[in-house]
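Breakdown of the fold
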Amino acid sequence: MQKRKHGSPEHKNPLKKGSSVTDKKAERLQHVAELLNAVGRDTETKILSTLEESNPNLASQIRDRMFTFDDLTLIDSRQMQLLLKELNSEVLVLSLKTASDAVKELVFSSVSTKAAEGMKDDLESLGPRRREDVEAAQMKIIQTARKLMEEGKIVILGSDTV
């Protein structure tokens, strides 16, 4: 193994354009947000609440980078239709088990009346499920939504959209 000299072209300068300290911080914050998105809601809430007490600014920056199941309400009905086409109906129904009324309404309003009624019936007959199974279903939907966002197929409505 060869040692690299400090001045060699292979030595990466963390202050070079494109890899600034600010970029590194943003990248780290994004990694933390992705990790928190991957854990259960209870764990996420505990971590963010604890962080909020000691460093509210950092907690806010992480929250800004997170995409949660409730953030699905930030896409319009047409984009929701695109997302729904990518989903397994069983996963979708399971994910709605603990969903907010706003998410359920968006999903139901994005499909035909007959399909919405079918989903509502399936949801009512679902019975008790383990929280971790519901959260896993929600995570699959979040991951699919992120993939569609990265591909430019859907856009989250917010401060940076017009």
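Residues numbered from 1 in each chain as written. Predicted model: local features only at pLDDT ≥ 70, side-chain atom pairs only at ≥ 80, totals over all residues. Heavy atoms only, no water.

**A few points about the overall build of the protein chain**
Within the protein chain, the regular secondary structure consists of eight helices and zero strands. Mapped from its N terminus to its C terminus, the protein chain presents α and β elements in the order α-α-α-α-α-α-α-α. Within the protein chain, buried positions represent 31% of all 162 residues. The contacts of the protein chain with a sequence gap of at least 6 include a subset with a gap of at least 24, amounting to 73%. Here the protein chain displays about 11,300 Å² of accessible surface, and carbon together with sulfur accounts for 51% of that area. (Helix = DSSP H or I, 4+ residues; strand = E, 2+ residues; numbered from the N terminus. Buried < 20%, exposed > 50% of the residue type's maximum accessible area, 1.4 Å probe, protein only. Contact = heavy atoms within 4.5 Å. Areas by Shrake-Rupley, 256 points an atom, 1.4 Å probe, with all protein chains shown as cover.)

**Considerations on the packing of helix α2 (residues 41-54) against helix α3 (residues 56-65)**
To describe two helices that pack against each other, one gives the angle between their axes and the distance between the axes. Interaxial distance between α2 and α3 falls to 6 Å at its minimum, and their mutual angle equals 140°. Our classification of the angle between α2 and α3 gives oblique. From α2, L48, L51, E52 and S54 reach across to α3, where they touch P56, L58, A59, I62 and R63. Across the contact of α2 with α3, the residue classes break down as six nonpolar, one polar and two charged. (Axes fitted to C-alpha atoms, helices over the stretch in contact; angles between N-to-C directions. Parallel < 35°, antiparallel > 145°, perpendicular 65-115°, else oblique. Nonpolar A, V, L, I, M, F, W, Y, C, P; charged D, E, K, R; others polar.)

**Description of the environment of V103**
One can find V103 in helix α6 (residues 101-109). When the C-alpha positions of V103 and L74 are compared, they lie 9.5 Å apart, and in sequence the two are 29 residues distant. V103 has contacts with F69, D70, L72, T73 and L96, leaving out every residue within four places of it along the chain.

**Topic: the nonpolar core**
If you look at the biggest cluster of nonpolar residues, it comprises 30 residues, and the most contacted ones within it are L72, M80, L83, L92, L96, V107 and I141. Elements that contribute at least two residues to this core include exactly α4 (77-85), α5 (89-95), α6, α7 (113-124) and α8 (131-150). No other element matches the seven residues that α8 contributes to this core. Ignoring anything within four residues of it in the chain, the contact list for V107 reads M80, L84, L92, L96 and M119. (Core = buried A, V, L, I, M, F, W, Y, C linked by side-chain atoms within 4.5 Å.)

**Notes on the environment of E151**
For E151, the position within the fold is in the segment after α8. In terms of polar contacts, E151 uses its side chain to reach the side chain of K153, at 3.3 Å. (Polar contact = N/O pair within 3.5 Å; in protein donor to acceptor, adjacent residues only side chain to side chain.)

**A word on a negative patch on the surface**
Taken together, E90, D121, D122 and E124 make up a surface patch of like negative charges. Looking at the negative patch element by element, the count peaks at three residues for α7. For E124, the position within the fold is in helix α7. (Patch = residues over 30% accessible without salt bridge, like charges linked within 9 Å, V, L, I, M, F, W, Y side chains within 5 Å. Salt bridge = Lys/Arg side-chain N within 4 Å of Asp/Glu carboxyl O. Lys, Arg positive; Asp, Glu negative; His and termini not counted. Charge placed at Lys NZ, Arg CZ, Asp CG, Glu CD.)

**Let's talk about the pattern of salt bridges**
Tallied over the full model, the rule gives five salt bridges. For the salt bridge of E117 with K120, the shortest nitrogen-to-oxygen distance reads 3.9 Å. Remark: K120 and E117 occur in helix α7; sequence separation between them is three residues, near one turn of the helix. When its relative accessible area of 39% is taken as the criterion, E117 is described as partly exposed. Owing to a relative accessible area of 30%, K120 belongs among the partly exposed residues under this scheme. Each of the salt bridges in this network shares a partner with another, and the network as a whole consists of R130, E132 and D133.

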